[in-house]
Amino acid sequence: MAGGVITPATSGKDYPGNLTRSVIITCVIAATGGLIFGYDLGISGGVISMNSFLKKFFPAIYEKQQSTKPSDNQYCTFNDQILTLFTSSLYLAALFSSLCASTITRVMGRRASMFFGGLLFAAGSLFNGFASKVWMLIVGRLLLGFGIGCANQSVPIYLSEVAPCRYRGALNQLFQLTITIGILVANLLNYFFAKVGGWGWRLSLGGAIVPAFIIMLGSCVLPETPNSLIERGHIDQAKNKLIKLRGVSNVDEEFNDLIAASEASKLVEHPWSNITKRKYRPQLTMAICIPMFQQLTGMNMIVFYAPVLFQTIGFKTEASLMSSLITGIVNSLATLVSIFTVDKVGRRTLYLEGSIQLFICQIVVAIAIGAKFGFGGNPGELPKLYAAFVVVVICIFVAGFAWSWGPLSWLVPSEIFPLEIRSAAQSITVSVNMIFTFVIAQVFTLLLCKLRFFMFLLFAVFIVIMAIFMYYLLPETKGIPIEEMVVVWKSHPVWKSYFDQSSASASLEMGNKDKDTC
Ligand code: BGC
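None of these values were measured; they are calculated from a predicted model.

Draft legend 1. Structural context of empty space enclosed by the protein. Per the stated rule, a full pass over the model turns up 5 cavities of 30 Å³ or more. In terms of lining, the largest cavity is formed by 21 residues, of which the most central are Tyr15, Pro164, Cys165, Arg246 and Glu254. Elements that contribute at least two residues to the lining of the largest cavity include exactly α7 (134-162), α12 (226-231), α13 (235-246) and α14 (252-266). In terms of residue class, the lining of the largest cavity is built from 11 nonpolar, 3 polar and 7 charged. A domain split of the lining of the largest cavity shows at least three residues from each of domain 1 (2-67 + 82-222 + 278-513) and domain 2 (223-268).

Draft legend 2. Geometry of the confidence of the model for the protein chain. Within the protein chain, residue pLDDT values average 83, and 86% of them lie at 70 or more. Taken as a whole, residues 4-12 scores under 50 in pLDDT and shows 25 contacts with residues more than four places along the chain or in a different chain. Note on residues 503-518: pLDDT under 50 across the span, and 29 contacts to partners over four residues away in sequence or across chains.

Draft legend 3. Structural context of the side chain of Ser125. Among the secondary structure elements, Ser125 is positioned in helix α6 (residues 110-129). Of the polar contacts made by the side chain of Ser125, one reaches the backbone nitrogen of Ile209; its length is 3.4 Å.

Draft legend 4. Examining the site of the ligand more closely. Neighbouring the ligand are 14 residues, the closest being Gln176, Gln294, Asn300, Asn331 and Trp410. Between the ligand and Gln294 there is a distance of 2.9 Å, counted from an oxygen atom to a side-chain nitrogen or oxygen. One of the side-chain N or O atoms of Trp410 is found 2.9 Å from an oxygen atom in the ligand. Protein contact buries 100% of the 310 Å² of open area that the ligand shows by itself. The pocket occupied by the ligand, as judged from atoms lying within 2 Å of grid points, is the second largest cavity. Among the secondary structure elements, those contributing two or more residues to the shell around the ligand are α2 (33-48), α9 (174-193), α16 (281-296), α17 (299-312) and α21 (405-416).

Draft legend 5. Up close: the packing of aromatic side chains. In total, this model carries 14 aromatic pairs according to the counting rule given. On the numbers, 5.4 Å between centres and 80 degrees between planes, the contact of Tyr191 with Phe192 is edge-to-face. Its relative accessible area of 11% is what places Tyr191 among the buried residues. Arranged with centres 4.5 Å apart and planes meeting at 65 degrees, the rings of Tyr351 and Trp405 form a pair that is edge-to-face.

Draft legend 6. Quick peek at the nonpolar core. By size, the foremost hydrophobic cluster in this structure holds 126 residues, and its most contacted members are Phe53 and Met286. Examining the composition of this core, we find that 12 residues originate from one element, helix α22 (residues 419-451), more than from any other. Excluding anything up to four places from it in sequence, Phe53 contacts Val47, Ile48, Phe58, Phe86, Leu137, Trp201 and Leu205. Leu229, Ile230, Ala238 and Val251 belong to the second largest nonpolar core, which has 8 residues in total.

Draft legend 7. Structural detail: a nonpolar patch on the surface. Side chains of Ile356, Phe359, Ile360, Val464, Ile468, Tyr471 and Tyr472 sit close together on the surface and give an oily, nonpolar patch of about 620 Å² of accessible area. Mapped by element, the contributors of at least two residues to the nonpolar patch are α19 (347-373) and α23 (454-473). Among the elements that take part in the nonpolar patch, α23 stands out by supplying 4 residues, more than any other. Here Ile360 shows up in helix α19. The partly exposed category is assigned to Ile360, whose relative accessible area is 45%.

Draft legend 8. Summary view of α22. The end-to-end C-alpha distance of α22, which contains 33 residues, comes to 44 Å, matching closely the 48 Å that a straight helix rising 1.5 Å per residue would cover. The largest bend in α22 amounts to roughly 45 degrees and is located at Val443. With 25 of 33 residues buried, α22 is to be regarded as a mostly interior element. Phi turns positive, to about 55 degrees, at Arg452, one or two residues after α22.

Draft legend 9. Geometry of the environment of Ile363. Mapped onto the fold, Ile363 is located in helix α19. Separated by 94 residues in the primary sequence, Ile363 and Leu457 place their C-alpha atoms 6.1 Å from one another. The residues touching Ile363, leaving out its near neighbours within four places in the chain, are Leu457 and Ala460.

Draft legend 10. α14, seen in detail. Taking 1.5 Å per residue, 15 residues should reach 21 Å; α14 reaches 21 Å between its end C-alpha atoms and fits that length. Within the span of α14, buried status applies to Glu254, Phe255, Asp257, Leu258, Ile259, Ala261, Ser262 and Ser265.

Draft legend 11. Spotlight on the pattern of salt bridges. Per the counting criterion, the structure on display carries 10 salt bridges. In this structure, Arg422 engages Glu161 in a salt bridge whose closest nitrogen and oxygen atoms are separated by 2.8 Å. Of the two residues, Arg422 is situated in helix α22 and Glu161 in helix α7; the sequence distance between them amounts to 261 residues. For the pair Arg422 and Glu161, a shared accessibility class is recorded, and that class is buried. Its salt-bridge partner being Glu224, residue Arg232 comes within 3.4 Å of it at the nearest N-O pair.

Calculation notes
Residues numbered from 1 in each chain as written. Predicted model: local features only at pLDDT ≥ 70, side-chain atom pairs only at ≥ 80, totals over all residues. Heavy atoms only, no water. 1 Å grid on protein atoms, 1.4 Å probe; cavity = no way out; pocket = protein on both sides within 12 Å on 5 of 7 lines; lining within 4 Å. Points joined across faces, edges and corners; volume = space filled by probe spheres on them. Helix = DSSP H or I, 4+ residues; strand = E, 2+ residues; numbered from the N terminus. Nonpolar A, V, L, I, M, F, W, Y, C, P; charged D, E, K, R; others polar. Domains from an automatic or database assignment. pLDDT = per-residue confidence, 0-100. Contact = heavy atoms within 4.5 Å. Polar contact = N/O pair within 3.5 Å; in protein donor to acceptor, adjacent residues only side chain to side chain. Near = heavy atom within 4 Å. Areas by Shrake-Rupley, 256 points an atom, 1.4 Å probe, with all protein chains shown as cover. Sits in = over half its atoms within 2 Å of the grid points. Phe/Tyr/Trp six-rings, centres within 6.5 Å; stacked < 30°, edge-to-face > 60°. Buried < 20%, exposed > 50% of the residue type's maximum accessible area, 1.4 Å probe, protein only. Core = buried A, V, L, I, M, F, W, Y, C linked by side-chain atoms within 4.5 Å. Patch = residues over 30% accessible without salt bridge, like charges linked within 9 Å, V, L, I, M, F, W, Y side chains within 5 Å. Salt bridge = Lys/Arg side-chain N within 4 Å of Asp/Glu carboxyl O. Expected span 1.5 Å × (residues − 1). Bend = angle between axes of the 7 residues up to and from the residue.

In C-alpha cells:
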C-alpha cells in the first residue's frame with residue numbers, strides 16, 4: 001500500500017504550451033535567489049576555520065586549538081556555543097522573516113519578496129564584511145537571515161507557478177542548483193581568501209553582496225506570475241503573461257483553472273487558521289515533515305562544518321579546505337542528475353534511492369572512523385589512503401543528497417499546496433527548514449564532542465525513519481498540473497480519508513477522461 005500506486009496518468013490534465021525561451025530565461029533569473037542561501041550555507045564553515053578570524057573574534061577557541069595536545073579530546077576543539085551561534089543565528093532570523101514574507105508574497109507579489117530579500121541580504125553582508133566586534137557579526141548574520149527567509153519563501157513558489165507542469169520538476173530544481181553553486185563559490189573563495197592573510201575572512205563575508213545584487217536586479221526584470229496577478233485582480237495582464245510564457249494562444253483551459261483556483265482561494269479569509277483544517281492535514285504534514293527530514297539527513301554537518309570535520313578527523317587546514325571544495329563540486333554536479341531525471345522517474349523514486357545511498361554512507365563513515373581510532377581514542381592524523389577513502393564516501397553521500405532530499409524538499413512542498421494556502425504553507429516549510437538547520441548547526445559540534453563517530457549512526461537511524469515515511473505517505477506528483485494537485489491526495493490510500501469521498505471519485509473520473517496528461 002505504498003503511496004506510489006497513484007499515477008499521474010489517472011489524475012492529471014495537460015495544458016497546451018511549450019518550454020519557451022521566456023520560461024527558461026525567467027526561471028534561470030528567478031533561481032539565482034538560491035545563490036544567496038547557498039553562499040551563506042557555504043561561507044561560515046570555512047571562515048570559522050581561518051585562524052585570523054578565530055584570533056580576532058574567538059581568541060579562546062584559537063588558544064584551545066593551538067594548544068591542543070595529542071592527549072586532548074580532539075572531537076571537542078570546536079565545541080563552543082557562541083561560535084556555533086555565529087553560524088546558526090542566521091537561520092533563526094530566516095525563520096521569522098519567512099513568516100512575514102508570506103504576506104508580502106501574497107499581497108504584493110512574488111517579486112517583491114525577492115527584492116526585499118536581496119536588500120536585507122546586501123545590508124547583512126556589509127555589516128559582516130566591516131565587522132570589528134562579535135555583535136556586528138551577529139547583527140550581520142541576522143540581516144542575512146531575514147533576506148534568506150524572504151527569498152526562500154518566494155523563489156520556489158515563483159518557479160513552480162511559471163513552469164509548464166511537464167517541466168516543473170526540472171525548472172524548480174534550478175533553485176537547488178543555484179544553492180549548490182552558491183555553496184561552491186563560497187568554498188572556493190574561502191580556499192583562496194584563507195591565503196590572503198589577516199583579513200581574508202572580510203572578503204569571504206563581504207562577498208555576499210554580489211549574490212544580493214544579482215537577486216535584486218533579477219527581481220526588477222522578472223515578470224510576475226499569472227497566478228499572482230490573478231490573485232491580485234490583474235486578470236487581463238495575467239492572461240497576456242500566460243500566453244507569452246506558454247508560447248501558444250490557446251491557454252484558455254489553464255487560464256480558467258487558474259481563475260477557478262483563485263476564486264476558491266478568495267473564499268478563504270484566514271490562510272493561517274485555514275491551514276489547520278482537516279482537509280489540509282496531508283499537505284500540512286508534508287510541509288512540516290519534508291523540511292525537517294531534509295535536515296535530519298545530516299547533510300549540513302558537511303556543508304557547514306566540512307573543514308572542521310575534516311580537521312577533526314585528522315586533515316591539515318589546507319587539505320580540509322580542499323576536501324570541502326571537492327564535496328562542493330560533487331554537490332553541484334549531482335544536482336544536474338536530479339534536474340534531468342525528476343520529471344521522468346518521479347519524486348518518489350529519487351527520494352527512496354537517495355535515502356538508501358545516504359544510509360549506507362553514514363554507516364560506512366562511522367565504521368571507518370570508529371575502526372581506526374576506537375571510541376575512546378583521539379582521531380589523530382588519518383593515513384593518506386584512509387583519508388581519501390573517507391572523502392570518497394562523503395562525496396557519495398553528498399551526491400545522494402543532491403539528487404534527492406536536497407532539491408526535492410524545495411520542489412515537492414512548492415507544488416502540493418492549493419493556492420488558498422500556498423503562501424502560508426510555503427512559509428511553514430521554510431520556517432521548519434530553518435529551525436532544523438539552526439538545530440543542526442547549533443548541536444553539531446556538541447554531538448561531535450559527545451558522541452564522536454556514533455553521531456553518524458544517529459543520522460542513519462533518522463534516514464531509515466524518513467525513508468519509511470516517504471514510501472507510505474508521499475504521493476507521486478510528477479506531471480500533475482499545480483492547480484489540479486488535490487486529486488493525488490484524494491486518491492491516496494492513506495490520505496483519502498481526509499476528503500469527502502463523493503468529490504474524490506468525481507475528481508478521479510474527471511482525470512480519467514483526460515488521458516493525454518503531461
Ligand atoms: C538545504 C540546505 C543544504 C543544501 C545543500 C538545501 O536544499 O536546504 O540546508 O545545505 O541544500 O546543497
